[in-house]
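Architecture at a glance
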Amino acid sequence: ALPPGKYASVEQRSAFLHSVIEGIDTIPGVEGAAMSSGLPFGAGLSSRSPMRPLEASSLPVGESMTANWRIVTPDYFRVMKIPVLAGRALTDQDIRGETIPGMVTQLTARRLWGSSDPLGHTFQMSSGLKFRIVGVAGDIRDSDLRQEPFPGLYFPASAVLRPLMDIAVRAKGDPLVLVPAVRE
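Below is a short write-up of the structure. Note that the structure is a prediction, hence the values are computed from the model and not measured.

Considered for burial, the residues of helix α3 (residues 106-113) that qualify are Leu-107, Thr-108, Ala-109, Leu-112 and Trp-113. Against the buried residues of α3 lie β2 (47-53), β3 (65-72), β5 (100-105), β7 (130-137) and β8 (152-156). Positive phi shows up at Gly-114, right after α3, with a value of about 55 degrees.

Below, the structure written as structure tokens:
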């Protein structure tokens, strides 16, 4: 975990994580690196929380839906090979404002808006934070390949950051060869 005194603001934590990723990206044999508050099949901080659409959706007015959410750095979708199906991926320019840019999975978009375009819709988490959808990502299985995907949300590490983040590294060859260099 990052010491809260040294990395008190989202900007300081984001800059530190960005420097870690840049360092890993320079290691020979690394195709790409990203961070997430929880990786699929990992023990990180992927969480389930209620989310409530703020405009018309397929849910009854005022009702919420539970979804897995992750905080991710911009290259997460490329490194994890999760396709961006509509809109765009999150970027370092996605900062906190009245609403924060976010992404939903295809399943989440279908459940909430059917065949309508989800881009631009807003939703609110139980924490009170509001997000505007800028992209739709492919569905993933989180913990068991035999289970159907669960609704999912992604938030930018540049706007919302946890003190604990997992690192994902995509290797060009044998990933185990990279472990000592990545740990440094």
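Further notes follow.
Of the two faces of strand β6 (residues 122-125), the one holding Thr-122 and Gln-124 and the one holding Phe-123 and Met-125 are both buried throughout. In this structure, β6 lies alongside β7, joined through three bridges in antiparallel fashion. Note on β7: the bridge partner recorded for Thr-122 is Arg-132. Between β6 and β7, which pair antiparallel in sequence order, lie four residues; one of them, Gly-128, sits at a positive phi of approximately 100 degrees.

Another aspect to go through is the pattern of salt bridges. For the structure shown, the criterion picks out four salt bridges. Note that Asp-75 and Arg-78 form a salt bridge whose closest N and O atoms lie 3.2 Å from each other. Asp-94 is the partner of Arg-88 in a salt bridge, and the nearest nitrogen-oxygen pair spans 2.8 Å. Residue Asp-94 is classed as buried on the basis of its relative accessible area of 4%.

The rules behind each value
- Residues numbered from 1 in each chain as written.
- Predicted model: local features only at pLDDT ≥ 70, side-chain atom pairs only at ≥ 80, totals over all residues.
- Heavy atoms only, no water.
- Buried < 20%, exposed > 50% of the residue type's maximum accessible area, 1.4 Å probe, protein only.
- Helix = DSSP H or I, 4+ residues; strand = E, 2+ residues; numbered from the N terminus.
- Contact = heavy atoms within 4.5 Å.
- Pairing = 2+ DSSP bridges.
- Salt bridge = Lys/Arg side-chain N within 4 Å of Asp/Glu carboxyl O.

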